[in-house]
Amino acid sequence: MKSSDAQILMVPGLSGPDESHWQSRWQSRLRTARWVGTADGPAGRESRVEALVAAAEAGDKPVVLIAHGLGVLDVAFAAPHLNGRVAGALLVAPPDPAAAPGYEDVPRDPLPFPSLLVASANDPGCPPTVADELAAAWGSQFVDAGESGGLDSASGHGPWPEGLTRFATLMARL
């Protein structure tokens, strides 16, 4: 699938990415990409999940999700309500649900769409064993990004070309 054939929904982390974050850069370059949920401040899990489900239902193209941080857990909560609208998802740097208030009970059922979970060996927000367990539970292909911190602009992942390559690989599978 080409990115132009999909509605790409960017699902941000808790406070949203800054302008140099790879998600912001990709959103400005991918013609069909738009933000969902709260990109500029915290919101409750329910409102973030509802916004994601509503955005997926609103389009007329297959949906591809690109989630970072807390947005990854939002995807897991939204998955049972997406009614076959999502073709696939790139899930990057999930936080440890045990340390994310309101997200401790994150679903661990297989996601109903293909997904790729990218995690770092030294992410301060999630031990690699937890990220690996989430990927296995969700049926996601796991990608070890090595020692890459939080895979955000603070860890030097502004443009993140390796991530864009992973996204292109996912799109080719869909």
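Small disclaimer: the values here were computed from a predicted structure and weren't measured.

**Observations concerning the packing of aromatic side chains**
Then step 1. Scanning all chains against the criterion turns up five aromatic pairs.
Then step 2. For the pair Trp26 and Trp160, a centre-to-centre distance of 5.9 Å together with 5 degrees between the ring planes defines the contact as stacked. In this pair, Trp26 sits in helix α1 (residues 22–29) while Trp160 sits in the loop between β6 (141–144) and α5 (161–173), placing the two residues 134 residues apart along the sequence.
Then step 3. Looking at Trp160, the relative accessible area reads 5%, which means it is buried.
Then step 4. When the centroid spacing of 6.0 Å and the interplanar angle of 35 degrees are considered together, the rings of Trp26 and Phe167 count as tilted. Here Phe167 lies in helix α5 and Trp26 lies in helix α1, a separation of 141 residues in the sequence.
Then step 5. For Trp26, a relative accessible area of 3% corresponds to the buried category.
Then step 6. In textbook terms, an aromatic cluster arises when at least three aromatic residues are bridged by ring pairs, as seen for Trp22, Trp26, Trp160 and Phe167.
Then step 7. One residue, Arg45, lies across the ring of Phe77, its end atom 3.9 Å from the ring centre.

**A closer look at the nonpolar core**
Then step 1. Ranked by size, the top nonpolar core spans 36 residues in total, and within it Leu65, Leu91, Phe113 and Trp138 carry the most contacts.
Then step 2. Counting residues per element, the ones that place at least two in this core are β1 (7–11), α2 (45–58), β3 (63–68), α3 (70–78), β4 (86–92), β5 (115–119) and α4 (128–138).
Then step 3. If you tally residues by element for this core, the top one is α3, at seven residues.
Then step 4. Ignoring sequence-local partners within four residues, the contact set of Trp138 consists of Val72, Leu73, Ala76, Leu91, Val106, Pro107, Arg108, Asp109, Pro110, Leu111 and Leu117.

**Concerning the pattern of salt bridges**
Then step 1. Throughout the structure, instances matching the rule amount to two salt bridges.
Then step 2. Between Asp105 and Arg45 there is a salt bridge, and its shortest N-O distance comes to 3.1 Å. Here the residue Asp105 occupies a position in the loop between β4 and β5, and Arg45 occupies one in helix α2, the gap between them amounting to 60 residues.
Then step 3. The class of Arg45 is partly exposed, set by a relative accessible area of 25%.
Then step 4. Across the pair Arg48 and Asp74 runs a salt bridge whose closest N-O atoms are separated by 2.6 Å. Of this pair, Arg48 sits in helix α2 while Asp74 sits in helix α3; the two residues are 26 residues apart in sequence, bridging distant segments of the chain.
Then step 5. Among the residues examined, Arg48 registers a relative accessible area of 3% and is labelled buried.
Then step 6. The exposure class assigned to Asp74 is buried, which follows from its relative accessible area of 1%.

**Remarks on the environment of Gln27**
Then step 1. Relative to the assigned elements, Gln27 resides in helix α1.
Then step 2. Aside from chain neighbours lying at most four places away, what touches Gln27 is Met10, Ala33, Arg34 and Trp35.
Then step 3. Within the structure, Gln27 has its side chain in polar contact with the backbone oxygen of Ala33 (distance 3.3 Å).

Conventions we followed
- Each chain has its residues counted from 1, running along the sequence as written.
- pLDDT decides what is reported in this predicted model: residues at 70 or higher carry local features, side-chain atom pairs at 80 or more are listed and counted, and totals for whole chains, interfaces and linings draw on all residues regardless.
- Neither water nor hydrogens contribute to the side-chain values; these are computed over all heavy atoms in the structure.
- Ring pairs are drawn from Phe, Tyr and Trp, using the six-membered ring of Trp, whenever the two centres fall within 6.5 Å, and their geometry is named by plane angle: stacked under 30 degrees, edge-to-face over 60, tilted for the rest.
- Strands here mean DSSP runs of E at least two residues long; helices mean DSSP runs of H or I at least four residues long; both are numbered from the N terminus.
- Relative accessibility thresholds used throughout: buried, under 20% of the residue-type maximum; exposed, over 50%; partly exposed, between the two (1.4 Å probe, protein chains only).
- Definition used: whenever NZ (Lys) or CZ (Arg) falls within 6 Å of the ring centre and also within 35 degrees of the ring normal, the charge is taken to sit over that ring.
- Each nonpolar core is a collection of buried residues, namely Ala, Val, Leu, Ile, Met, Phe, Trp, Tyr and Cys, held together in the definition by side-chain atoms within 4.5 Å.
- By the convention used here, residues are in contact when the closest approach between their heavy atoms is within 4.5 Å.
- One speaks of a salt bridge when a side-chain nitrogen belonging to Lys or Arg is within 4 Å of a carboxyl oxygen belonging to Asp or Glu.
- We call two N or O atoms a polar contact when they sit within 3.5 Å, provided that within protein one can donate a hydrogen and the other can accept it, with sequence-adjacent residues counted only if both atoms are side-chain atoms.

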